[in-house]
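# Fold and geometry: a report
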Amino acid sequence: MSTVRNREVHLVRRPVGTPVPDDVDVVTTDLVVEPGQVLVRNTVMSVEPYMRGRMSEGTSYVEPYALGEAMTGHATGVVERSDDAAVPVGSVVVHQHGWREYAALAPQDVEVVDIDGLKATDHLGALGQTGFTAWVGLNLVAGLQQEETVFVSSAAGGVGAIAGQLARARGCTTIGSCGSADKAKRVMGDFGFDTAFDYHDGPVRDLLADALKEVGRPGLDVYFDNVGAEHLEAAIRAMRDNGRIALCGAIAVYNATEPVPGPRNLLLMIWRRLRMEGFIVGDHDSRQPDFLAEVTALVREGRVVSPETYVGHGIEEAFSGFLTLLDGRAVIGKALVALED
Ligand SMILES: NC(=O)c1ccc[n+]([C@@H]2O[C@H](COP(=O)([O-])OP(=O)(O)OC[C@H]3O[C@@H](n4cnc5c(N)ncnc54)[C@H](OP(=O)(O)O)[C@@H]3O)[C@@H](O)[C@H]2O)c1
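In this text the structure is predicted, and so the values were computed from the model without any measurement. (Residues numbered from 1 in each chain as written. Predicted model: local features only at pLDDT ≥ 70, side-chain atom pairs only at ≥ 80, totals over all residues. Heavy atoms only, no water.)

## Describing the domain arrangement of the chain
In terms of domains, the chain is made up of domain 1 (2-125 + 306-338) and domain 2 (129-283 + 293-298). The gap between the C-alpha centroids of domain 1 and domain 2 is 28 Å. Domain 1 puts 20 residues into the contact, and the matching count from domain 2 is 18 residues. Among the residues of domain 1 in contact with domain 2, Gly125, Pro307 and Ile332 are the three that bury the most area, contributing 30% of the side total. (Domains from an automatic or database assignment. Contact = heavy atoms within 4.5 Å. Buried area = accessible area lost by both parts, 1.4 Å probe.)

Right, here's the structure in full:
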């Protein structure tokens, strides 16, 4: 048994509405490394909107974070100590114990990743849970077909940017929405969307109708929903017969303190024979090998890029980085916090 000096972020009270810095504390600990455990020095951690749900009690699909303990989430790291030949010292790993500088873990709880020609952080982005979420939503939930018309909200975000690129790689026509004109340019220029709009520019239903005219399509076959609320209602209105909606996220309502009204036009779901299905990516883990085979090739060929924005440097900035993600304006692609230089 040995110890290592570690700093980690604890949730100390449950946020009401938008979280604030006083909801957490950065705590120094002497981390105990038990015999048989591997010691990982975390290099980069992911901050994600679903973490907001875990900060509240009982409102999410995963266990809430415990008060007074380190939060968790995906991270990359380098193995510093190990007796396990399958997880050698120096290997780059991904695991679920972010929000801390060091993690002591059972070997089976870390995944050694391939960094030959790839960035370690690709395994948090396009080749990680983020890319897998996009792939599951498009393929397993929406049943995407070649050359369909696909609308993706939060198209400059981590999941959205990958969803648009995967749909594009299937020959689909892609429309994205995002929060600024600059982001819309990046969505088209860097991620290959056929068109994109800033949802602040007017009612989403009108902006979406204009976008469909611009790409010369009569309506949507697939809507990949990261946002909910007004976007969802607008997308239902723009769907073609037999269209499919993959409900991935609803960031527009995550900080709501009152129940939010649903789409007012669900009758269209009947008239147009639409299907709308929510999903949780973790339910589809058995399909990881198919996802990795397809998307690793696309990343290596440069047909899918894994965009990322560093929203913090050092464990002290991890929570402010999370708040930057929720605000969104400064973030393109996967939001990451660097835990070392
Ligand atoms: N179902 C699952 O298993 C699963 C798994 C992973 C993630 N998710 C969900 O999928 C969604 C995307 O995840 P992500 O990690 O890639 O996050 P993300 O889309 O990068 O989320 C951050 C972005 O959301 C946008 N945003 C914030 N408030 C908004 C609002 N009121 N209306 C519209 N857009 C808003 C901001 O971009 P703009 O500047 O463009 O507004 C911000 O940059 C999230 O809702 C997440 O919870 C679900």
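## Some words on the pairing of strand β11 (residues 220-225)
Across a regular strand the side chains alternate sides, sitting on one face of the sheet and then on the other. Counting buried residues in β11 gives six out of six residues, a clear majority hidden from the surface. Sheet topology note: the strand β8 (residues 149-152)/β11 ladder contains three bridges and is parallel. Bridge pairing in β11 places valine 152 opposite phenylalanine 224. Examined bridge by bridge, β11 and strand β12 (residues 239-247) share five bridges and lie parallel to one another. Looking at the pairing, valine 222 lines up with arginine 244 of β12. For the segment spanning β11, helix α6 (residues 229-238) and β12, crossover handedness is right-handed. (Buried < 20%, exposed > 50% of the residue type's maximum accessible area, 1.4 Å probe, protein only. Helix = DSSP H or I, 4+ residues; strand = E, 2+ residues; numbered from the N terminus. Pairing = 2+ DSSP bridges. Right-handed = clockwise from strand over helix to strand, strands pointing away.)

## Let's talk about the packing of aromatic side chains
The full count for this structure, using the stated rule, is nine aromatic pairs. Ring centres of phenylalanine 319 and phenylalanine 322 lie 5.7 Å apart, and the angle between their planes is 35°; this geometry places the pair in the tilted category. Here phenylalanine 319 and its partner phenylalanine 322 are both found in helix α9 (residues 318-327), three residues apart, which amounts to about one turn of the helix. In terms of burial, phenylalanine 319 and phenylalanine 322 fall into one category: buried. Every member of this aromatic cluster is reached through a ring pair, and the members are Trp99, Phe319 and Phe322. (Phe/Tyr/Trp six-rings, centres within 6.5 Å; stacked < 30°, edge-to-face > 60°.)

## Some words on unusual backbone geometry
For tryptophan 99, which is not glycine, the phi torsion reads 65° and is therefore positive. Following the sequence through the fold, tryptophan 99 ends up in the loop between β5 (92-95) and β6 (102-105). Residue classification places tryptophan 99 among the buried residues on the basis of a relative accessible area of 0%. Despite not being glycine, alanine 229 shows a phi value in the positive range, around 55°.

## Side note on the site of the ligand
The environment of the ligand is made up of 26 residues, and the closest members are Ser154, Val159, Lys183, Tyr199 and Tyr254. Interatomic distance of 3.1 Å between a backbone N/O atom of glycine 158 and an oxygen atom of the ligand. Within the backbone of glycine 328, a nitrogen or oxygen atom sits 3.3 Å from an oxygen atom of the ligand. Starting from 900 Å² of accessible surface for the ligand in isolation, the protein chains cover 91%. Looking at the shell around the ligand, the elements with two or more residues in it are α3 (158-169) and α9. Across the shell around the ligand, the residue classes break down as 17 nonpolar, eight polar and one charged. (Near = heavy atom within 4 Å. Polar contact = N/O pair within 3.5 Å; in protein donor to acceptor, adjacent residues only side chain to side chain. Areas by Shrake-Rupley, 256 points an atom, 1.4 Å probe, with all protein chains shown as cover. Nonpolar A, V, L, I, M, F, W, Y, C, P; charged D, E, K, R; others polar.)

## Here we look at the side chain of histidine 123
Inspection of the secondary structure puts histidine 123 in the loop between β7 (111-112) and α2 (129-141). Within polar-contact distance, the side chain of histidine 123 engages the backbone oxygen of aspartate 114 at 2.6 Å. Filtering out sequence-adjacent residues up to four positions away, histidine 123 remains in contact with Val94, Val113, Asp114, Leu118 and Gly128.

## What to know about the pattern of salt bridges
Summed over the entire model, instances satisfying the criterion amount to 19 salt bridges. Of the charged contacts in the structure, one is a salt bridge between arginine 7 and glutamate 101, with a shortest N-O distance of 2.8 Å. Taken as a pair, arginine 7 in strand β1 (residues 2-11) and glutamate 101 in the loop between β5 and β6 lie far apart in primary sequence, 94 residues in all. Take arginine 7: its relative accessible area is 28%, and that puts it in the partly exposed class. The exposure class assigned to glutamate 101 is buried, which follows from its relative accessible area of 15%. The salt bridge partner of aspartate 206 is arginine 205, with a shortest N-O separation of 4.0 Å. The class of aspartate 206 is partly exposed, set by a relative accessible area of 39%. Sharing partners across several salt bridges, the network here consists of Arg7, Glu101 and Glu316. (Salt bridge = Lys/Arg side-chain N within 4 Å of Asp/Glu carboxyl O.)

## Let's talk about the sheet that holds strand β13 (residues 275-278)
Pairing is parallel across the open sheet formed by six strands, whose spatial order is β10-β9-β8-β11-β12-β13. Two strands in the sheet have a free side with no partner beyond their single neighbour: β10 (195-198) and β13. The average angle at which neighbouring strand axes cross in this sheet is 15°, direction not considered. Packed on one face of the sheet, helix α4 (residues 181-189) meets β9 (173-178) and β10 and runs near 165° to β10. (Axes fitted to C-alpha atoms, helices over the stretch in contact; angles between N-to-C directions.)

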